[in-house]
Every structure is written in structure tokens, then in C-alpha cells.
Amino acid sequence: MSIITKGKVLDIIFQNQENGYTIAVVYTDEHGTLTVTGCMPSVQVQDNVQLSGAWKVHEVYGKQLNIDTFSHLPMDSESGVFSYLSSGALEGIGEAMAKRIVDKFGKSAIEILEKTPDRYLEIEGIGKKKLDKLVKSHMEGRELKNIIVNLSPYGITPAYCMKIFKAYKEKSVKVVMENPYALCQDVKGIGFKKADEIAKKLNVGIDSKERIEQGILYTLQESAYEGHTYLDIKDLGLRAVDLLDIESEKVVRGIYDLAVSSDVVIEEKEDEKRVYLTVYSVAESRSASNLIKLASYEKEEKTPYKDALNIIENLQNTEHIKLSKEQIEGASHAISSNLLVLTGGPGTGKTTTLSFIIKGFEELGKKVALCAPTGRAAKRMSEATGKSASTIHRLLEVGYSDDEEAVIFNKNEDEPIKADAVIVDEISMVDVLLLDSLLKAIKPGTTLVFVGDKDQLPSVGAGSVLRDIIESDTIKTIRLTEVFRQAAKSNIIVSAHRINHGEMPIINKKDNDFFFMERYSQRETADLVVELVSKRLPEYYNLSPKDIQVLSPMRKSEAGVNNLNTLIQEAINPLESGKREHKGLNRILRTGDKVMHIKNNYEKQWKNEDTGEEGEGIFNGDIGYIDFIEPNDKKLYISFDDGKRVEYDFTELDQIEHAFATTVHKSQGSEFPCVVLPIYAMPPMLMSRKILYTAITRAKKLLVIVGNKKYLSAMVSNIYEEKRNTSLGEKLKMFKDQGIILEEDYGNSVPF
Ligand SMILES: Nc1ncnc2c1ncn2[C@@H]1O[C@H](COP(=O)(O)OP(=O)(O)OP(=O)(O)O)[C@@H](O)[C@H]1O
């Protein structure tokens, strides 16, 4: 039977911040003190609440009220008002000020704040500005509570309510009730599936126009996560019908409606109809146009090839290195052309050539900017060349939009990068949206040099930039093929080249760097990986566990990243007295754990405790160790490899994951002294030559592969390369052949 009652919250025994499930002790006049359970995300001690629910008898805790709905009632005691005012929820009000307010207004303080706030000016220490802030944070908090109460029955967590509130303010509940699919566009983190769940609870019909359109956009966005910039209309139709469970005619109509509203672009190509999300279509066309423009730009002060050649040849004497013919050609073209791609496998002298290019430019008095797609790759570029290098994002002066949800770049066509030459390393990791942003900020006349290895895995984001550029044959490309003697001593490097040619690697040679240890089951493989990392490699090679990185192609499965992280954590960083832990939904973060930051966060503050240096920016792929956990403040501290110490609030822990083991995809652009790679039965797209090649080229000094040889052989022969639907190459050819250069102003509408 349903019960409706009123009471005061005396204690919160448990509150799950993610789903709002709360166990509270509530005093009611009718039933005395009760244990109340259910979704009450916004409830605090001292709150007056109205509850409706049913009695349940818990086998251990006895009779409890299990609620379906609850609402807040006005506060009716001075202590309740005081605890609210001093709770930290109101900007600028501490305990002393809260006491002064309650002394003056008693239990009517909240009512006065809402109805006649100017009376607060009578209180010492409250001026107009402070009062405005106080009123704003109180009203927003009240509104947010209201939103949480109204939306949590639809499975929307407090964290999402906060985001929804940011997007729609007081209209939040109305927008969600009228069109939950609007959330997919306006609220980061709410995708089609979540909106669909909410809509179902609100009884929105499965063939509503909003549902169909958002379902199609979602399908295209998902395909972009697979790397595609477009889908053929038939493929898109099949995928969307599968998702939406409606007739295909309705999906096709939806696609054309989206084209009319410019959310998608449809491009007819022979027997194909390609459907792009507009951002990708714009990014590919504009990038192709900008690349051709840049390549064909007539510079006023051009360095002739023969002068560049002279400079590079002379530099060989001062640098005491004789470059190969390919290297000389590459370096000379880089200095004399507008745009050059320099590609080669490991040990083919890319970095050496890069250093010559930089010195050559410097000799000509030119300003060079160096950059790479990730923080780790930029750091490596900087170490290898002795010059400072930044991430591409940093070079483009990344910032956040006013709502802090979208990333914007301050460097663009109006405010281009101030450099005579821009050199980008690890270009294979750059996706088409980042390429577009970079090219917008390169002014005609600036030389652009792309350096990378075309055989590495493609970018995580959509597009196939390096491959498309090289295969289009429209941009000057120099291929470095010779493996230098120094490098040829390494079986890691020799094997990488062999694998690329479909040959088995050279393994287990005495005193070399590439080892293979045969294991047959995943359990044995995982056990050996743990033993190697925790005991054998540190003991035999005197390696610190910090120098060893486990890479695994998959997340799931016994020898996958997730399980290995649990096993390695237990082996090398078990719980001991004095070590603090923070328990999350599926993981335990412990002092001493190796972790990776997994999102570019340009505003994250850091401090180097040794040098006293301070700054901002922690990047996707940065690896560090948890050095302190403070449960009372809900804070966790990580020291990164380069000495940066960073504070994380517990609400920010979605930005980090364990990194005793990481995926091969996540390791792109990074190098480690020692890599341990388990290989096992995997889906064909992961059991591929590209994955193997990328993984082994991450190891600088030592590589150990553990697993079944038949899988090693299968990986070497599997040339499966996910075929990405991209059109940068075709567009480059078209612009080059037809001389069409887009002049339209696309604005800065590409969101990142
Ligand atoms: N012209 C050369 N003559 C002799 N040795 C060279 C020459 N160029 C490069 N090397 C040597 O070959 C090795 C690999 O060169 P480098 O590091 O420049 O290659 P890379 O392509 O950047 O390799 P990786 O991608 O593995 O870092 C180094 O030991 C380097 O000193």
C-alpha cells in the first residue's frame, strides 16, 4: 500500500552520486524515525521532505520505506537553515557568515533571500555584489534540486541533471518532457541511446521525426568513431533501420530531411550516394582545398632547391653525419617547398632528417614551430631534436567555448600561426577535423612539413589523413626506406620491417631485444605477463616497473587490458596498511597505481614540486602514478612522468584509467623502454599486421611477446586494414586536376 508522509532528514547513511540511490534516516511525526531508501539524489541532512512509497521488510535491516517519489519542503528550523547556508552550496558564504544571517533572520532567512533579498544588505560583510552571487547560487541550486526531483524518475542521474541545467536553465524540465532527443545535440554525454531510454519512459512514439533524425545522426556519428567520414546511403539505411526498428522508407525520408536542414550532406558519386555529417564533409573539402592552395602558392621569397641542397650538404660537415640520398632529398625539399610529406618506418632516419630540416631553416633565419598530436609525442619530438615542441592543440591555442563544452581554437584564418615553417610529427595520428583546424591556421607562404610512418594504425578520429594524402599522389612525398646500421642491430627494428613485408620476426636471438615466449591459453599468457612485469624483467634487466609497458590489443578477455590491470595491480601494488584506496563502480584506485589521463584537458592545473613551476594542461595518453588520496576532501593526486603533480576531484575520475596495461591503439605516438605484448585469439580486425607493427614499434630497448606462435603468424599475414570511407584523397585529386579552390566562407562552425 502506498504511504505519503512528511519528515526531516536526520542522517544520510549512503548516497550513490551516480544514480542518486540514497539510504536516509528520516524523522516523521506519523511514523517516528524511519529508514528510507530510493532515488533521492538532492537530499541533504536537515532537509524537510515529502515522501511517497511503500513499506518493505529488509531481511537484515527490518522495516524500511521504499520511496517512488519525493519532494523538498521549506526549511522550518534555524539549525536546518544554518546547515544549508554553511554547506558550501552557496557562493561566498562560510560558517561565520551563515551564523550572522541566522542570528538576524532566524528560520525565515531563506524566505527573505527569495522574496526581499535586499534586506541581506543590512548584514555586515554583505555588499551588492556578494548578494547577487548569493541569490544566483541559491536560485540555481533550488532550480537544480527541482530538476533532479523531476527528472530522476526517468533515469537521469544528478550529474546529467547538472549538464541539462547548464544547457537549458529553468526550461530544463520542459525541454526534456517535450523533446528528449534535443539532449543529444545540446548536452554533452547524453547520446541517442540515453535520450531514447528517457523518451520511452515519456511514451514518445518510435516514429517521431525527432527520434528518426537523431537516430540517423547517431548512426553517422558512430560510423565516424569507426573512422568513416561518410556512409553509403544504403549502408546508413540498414544501420539506422536496425537501430530505430522502423520501416526503411521513414529512414530515407529522415536522411533527406536532414540534408534540407544542412545537418548532413549527400554527395552523388557514380553508383554511390554518400551521406556525411556536415562537419566531416566540410572538413574534408576544406582541408583538400587548403592543402592544394598551400602547395601551389607562389612565395615571394622562395628558397631554390639547389640552395636548400647546398645548406643540407654543408650541414653534414658541421653535424658529422653523412645523410643518405633520400634524407638529403627530403630535407632539401622540406626547406624549399611549401608542403612536404616525409614518411618512413622505424630506424629509417626520420628524426635525423627532421633535425637537419630544423637546422636548415634556422640557417635561413626562419622561425620554425614543432608540434605533434599528443603530449607524449610532442615530448619525444622535443627530446629528439633538442627544440621545444608542443601539441597541435597547444600550437592552435586551444580554449573552451563559454559553456566549456566545446573546444575552440584561437589560431585560425584570422589569427594564423606566426611561423615560417610548421613541422608536424606523427601525422598518421591526426584525424580530418584536426587537420582542418591546423590548415585553417597556416597562412599561405608558411612551409608545412608532415612527418610520419604510413604503416602505423590510422588516427583514432575519423579520416585517413596520411594514407589519403600519400595515395592521392598530389602532394610531394619523400619515402625513407634505408634502415641504418645502428638501427639494423636491433631485432625490434629489423622485425618491424620484416613484418611489414609479411615475414615472421627474428626472435630470441641471444643478447638482442626481441623475445617471444610461447603460451597456449589466455590464462597462462596473462599469468606470464604478470610474472614478467612484477618479477622477471625487473630482476633480470634491472628495469623499474615504470619502464615496462604492457600493451594488449583488446580491453576485454582474460589477457585483455582490463583483466591485466587488475592482475598487475594486485601483483605490484597490493593493498597494504597505510595505502589508501578509492572504490569506483568497477575499479579500485590505490595509492601507487599507474594511471593514464585519457582526455585532453587544457585547463587542468599542474605544479612541478621539484622546480616550483606551474602550468595548465594534461593530455590524453599522459601516464603517471597516484601519489595521494584524500577521502575527506574527495581528492586524488597524480604525479605524472614529467614531474607534474595534479589534483583530481573524485568527480573528475572519468578522466583517468589504469595504465599498468593499455591498448595498442592508446599507445600510438608513445615509446617505452620495454614493451610486453600478449597475443591471443582475437577478432580478425585486431589480429592484424598493423596492430602488431604499431605495438612492437613502441618498444625502444626490449620487447617480449607472450602467446601462441600461430597467432603471431596469423597477425603477420593478416593485412586486414579496416577500410575507412574517406574522400580526402579524391578531393585532393579533384582540386589539383581542376584547379578548383573553395572560396566559400565556412565560418568557424566545426565543433571539436
Ligand atoms: N645518415 C645516417 N647515417 C648513419 N646513421 C644514421 C643516419 N640517419 C640516422 N641514423 C641512425 O639511425 C638510427 C635511426 O635514426 P632516427 O632515429 O633518425 O630514425 P627514425 O626514423 O626517427 O626512427 P624511429 O621512428 O624508430 O624513431 C639512429 O641511431 C640514427 O643515429
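Computed from a prediction, not measured in an experiment: that's the story for all the values here.

## Quick word on the overall build of the protein chain
Now for step 1: When helices and strands are tallied, the protein chain shows 26 helices and 30 strands.
Now for step 2: Rg of the C-alpha trace for the protein chain: 30 Å, near the compact-globule value of 27 Å for 752 residues, within the 12% margin.
Now for step 3: Along the first, second and third principal axes, the C-alpha set of the protein chain runs to 90 × 65 × 60 Å.
Now for step 4: Look at the contacts in the protein chain between residues 6 or more apart in sequence, and 66% of them connect residues 24 or more apart.

## Things to note about the sheet that holds strand E17 (residues 514-518)
Now for step 1: Pairing is parallel across the open sheet formed by five strands, whose spatial order is E17-E30-E29-E18-E28. Lying at the two open borders of the sheet, with one neighbouring strand each, are E17 and strand E28 (661-663). Neighbour to neighbour, the strand axes of the sheet diverge by 25° on average, direction disregarded.
Now for step 2: Each of E17 and strand E30 (699-707) is contacted by helix H21 (residues 491-500), which is oriented at about 60° to E30, the strand it contacts most.
Now for step 3: Seen against the sheet, helix H22 (residues 522-541) touches E17, strand E18 (548-552), strand E29 (672-679) and E30 and runs at an angle of roughly 145° to E30.

## Digging into the confidence of the model for the protein chain
Now for step 1: For the protein chain, the mean per-residue pLDDT works out to 89, and 97% of the residues sit at or above 70.
Now for step 2: Taken together, the stretch residues 745-752 has pLDDT below 50 and engages in 21 contacts with residues farther than four places along the chain or on a different chain.
Now for step 3: ipTM for the predicted complex: 0.96, alongside a pTM of 0.77.

## Observations regarding the site of the ligand
Now for step 1: Close contacts around the ligand come from 16 residues, with Lys322, Gln327, Lys350, Thr351 and Thr352 the closest.
Now for step 2: Within the backbone of Lys322, one N or O atom sits 2.8 Å away from a nitrogen atom of the ligand.
Now for step 3: Between Gln327 and the ligand, the recorded distance is 2.9 Å, taken from a side-chain N or O atom to a nitrogen atom.
Now for step 4: Bound to the protein, the ligand loses 72% of the 630 Å² it would expose on its own.
Now for step 5: Ranked by residue count, the leading element in the shell around the ligand is helix H15 (residues 350-363), at three residues.
Now for step 6: Across the shell around the ligand, the residue classes break down as four nonpolar, nine polar and three charged.

## Here we look at the pairing of strand E5 (residues 62-73)
Now for step 1: In this sheet, E5 lies alongside strand E3 (residues 32-39) in parallel orientation, the contact comprising two bridges. Within E5, the position partnered with Thr37 by the bridge is Asn66.
Now for step 2: As judged from the 11 bridges shared by strand E4 (residues 48-58) and E5, these two strands associate in the antiparallel manner. Bridge assignment links Asn48 to a residue of E5, and that residue is Leu73.
Now for step 3: Taken together, E4 and the strand that follows it, E5, pair antiparallel across an intervening segment of three residues.

## Some words on the packing of helix H13 (residues 305-319) against helix H14 (residues 325-336)
Now for step 1: With their axes 8 Å apart at the nearest point, H13 and H14 run at an angle of 130° to one another. Classified by the angle between their axes, H13 and H14 sit oblique to one another. In this structure, the crossing between H13 and H14 has a hand that is right-handed. On H14, the residues touching Tyr305, Ala308, Leu309, Ile312 and Gln316 of H13 are Ile328, Glu329, Ala331, Ser332, His333, Ile335 and Ser336.
Now for step 2: Tallied by class, residues from the contact of H13 with H14 come to seven nonpolar, four polar and one charged.

## Some remarks on empty space enclosed by the protein
Now for step 1: Per the counting criterion, the structure on display carries one cavity of 30 Å³ or more.
Now for step 2: Computed from the structure, the largest cavity encloses a volume of approximately 40 Å³.
Now for step 3: Around the largest cavity sit Val533, Pro545, Ile548, Val550, Ile568, Ile572, Lys594, Tyr625 and Phe660, which together line it.
Now for step 4: Residues of the lining of the largest cavity, tallied by class, amount to eight nonpolar, no polar and one charged.

## With respect to a nonpolar patch on the surface
Now for step 1: A cluster of nonpolar residues, Ile13, Phe14 and Tyr21, forms a patch on the protein surface that exposes about 290 Å² of accessible area.
Now for step 2: Within the secondary structure layout, Phe14 lies in strand E1 (residues 2-15).

## A few points about unusual backbone geometry
For residues other than glycine, phi is negative in most cases, and the peptide bonds are mostly trans.
Now for step 1: The phi dihedral of Glu270 is positive, around 40°, even though this residue is not glycine.
Now for step 2: With respect to the secondary-structure elements, Glu270 resides in the loop between strand E7 (264-269) and strand E8 (272-277).
Now for step 3: A relative accessible area of 83% means that Glu270 is categorised as exposed.
Now for step 4: For Glu426, which is not a glycine, the phi torsion comes out positive at approximately 50°.

## Some thoughts on the sheet that holds strand E6 (residues 230-232)
Now for step 1: One open sheet holds the three strands; their spatial order is E6-E8-E7, and the pairing between them is antiparallel. Pairing within the sheet leaves two strands with one partner each, and these edge strands are E6 and E7. Averaged over all pairs of adjacent strands, the angle between strand axes in this sheet comes to 25°, irrespective of strand direction.
Now for step 2: The pairing of E7 with E8 spans six bridges and is antiparallel.

Calculation rules
- Residues numbered from 1 in each chain as written.
- Predicted model: local features only at pLDDT ≥ 70, side-chain atom pairs only at ≥ 80, totals over all residues.
- Heavy atoms only, no water.
- Helix = DSSP H or I, 4+ residues; strand = E, 2+ residues; numbered from the N terminus.
- Rg over C-alpha atoms; globule rule 2.2 N^0.38 Å.
- Contact = heavy atoms within 4.5 Å.
- Pairing = 2+ DSSP bridges.
- Axes fitted to C-alpha atoms, helices over the stretch in contact; angles between N-to-C directions.
- pLDDT = per-residue confidence, 0-100.
- Near = heavy atom within 4 Å.
- Polar contact = N/O pair within 3.5 Å; in protein donor to acceptor, adjacent residues only side chain to side chain.
- Areas by Shrake-Rupley, 256 points an atom, 1.4 Å probe, with all protein chains shown as cover.
- Nonpolar A, V, L, I, M, F, W, Y, C, P; charged D, E, K, R; others polar.
- Parallel < 35°, antiparallel > 145°, perpendicular 65-115°, else oblique.
- Left-handed = near helix turned anticlockwise from the far one by under 90°.
- 1 Å grid on protein atoms, 1.4 Å probe; cavity = no way out; pocket = protein on both sides within 12 Å on 5 of 7 lines; lining within 4 Å.
- Points joined across faces, edges and corners; volume = space filled by probe spheres on them.
- Patch = residues over 30% accessible without salt bridge, like charges linked within 9 Å, V, L, I, M, F, W, Y side chains within 5 Å.
- Salt bridge = Lys/Arg side-chain N within 4 Å of Asp/Glu carboxyl O.
- Buried < 20%, exposed > 50% of the residue type's maximum accessible area, 1.4 Å probe, protein only.

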